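# Structural description and commentary
Each chain is listed here by its residues.
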Amino acid sequence: LIGDLNLADLIHIQSTSRGGGYSKPHPEIFKDAISKVGTNPDQALHVGDDYEGDFKGALAAGFHALWLDRTMPKRHGGSSTIQSLVEVLPYAKMI
């Protein structure tokens, strides 16, 4: 999927809660991911489909974040909401 959307050059690592022992929205999972890249959270974009765990968790950890809501686009307190992963590229280029 990542290759089909031409996002492979923009994605440097993938991190899951399975390896770290924490689950989202705990900040440690986000810290683990950013430590693998060797950059700062404000230079990273987290995309997820869970508003609380993915979107709010990433924002709380200092990341840029997109909420993937395929069911109904809506805004939550100024949040960035997308309906499809195809919409990620313009956001990623801004970071």
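In short, a report on the structure. (Residues numbered from 1 in each chain as written. Predicted model: local features only at pLDDT ≥ 70, side-chain atom pairs only at ≥ 80, totals over all residues. Heavy atoms only, no water.)

So, on to the packing of aromatic side chains. For the coordinates displayed, the defined rule picks out 3 aromatic pairs. When the ring of Tyr51 is compared with that of Phe55, the centres are 5.5 Å apart and the planes differ by 20 degrees; the resulting orientation is stacked. Within this pair, Tyr51 and its partner Phe55 are both found in helix 3 (residues 51–60), separated by 4 residues, close to a single helical turn. Owing to a relative accessible area of 4%, Phe55 belongs among the buried residues under this scheme. Centroid distance Tyr51 to Trp67: 5.0 Å. Interplanar angle 65 degrees. Geometry classified as edge-to-face. Placement of Tyr51 in helix 3 and of Trp67 in strand 2 (residues 64–68) is noted, with a sequence separation of 16 residues between them. The exposure class assigned to Tyr51 is buried, which follows from its relative accessible area of 18%. Relative accessible area serves as the criterion here: at 8%, Trp67 is assigned to the buried category. Each member of the aromatic cluster is reached from another via a ring pair, and the members are Tyr51, Phe55 and Trp67. (Phe/Tyr/Trp six-rings, centres within 6.5 Å; stacked < 30°, edge-to-face > 60°. Helix = DSSP H or I, 4+ residues; strand = E, 2+ residues; numbered from the N terminus. Buried < 20%, exposed > 50% of the residue type's maximum accessible area, 1.4 Å probe, protein only.)

Before going further, it helps to spend a moment on the sheet that holds strand 1 (residues 45–48). A sheet is described by the order of its strands in space; here 3 strands give the open sequence 1-2-3, paired in parallel fashion. At either end of the open sheet lies a strand with only one pairing partner, and these are strand 1 and strand 3 (81–82). Bridge analysis of strand 1 against strand 2 gives 4 bridges, and the strand direction is parallel. When the bridges of strand 2 are listed, His46 appears paired with Ala65. Contacts between helix 3 and the sheet are confined to strand 1 and strand 2, with strand 2 contributing the most and set at about 165 degrees to the helix. (Pairing = 2+ DSSP bridges. Contact = heavy atoms within 4.5 Å. Axes fitted to C-alpha atoms, helices over the stretch in contact; angles between N-to-C directions.)

For strand 2, a buried count of 4 out of 5 residues is recorded, marking the element as mostly surrounded by other parts of the structure. Traced from strand 1 through helix 3 to strand 2, the parallel crossover comes out right-handed. (Right-handed = clockwise from strand over helix to strand, strands pointing away.)

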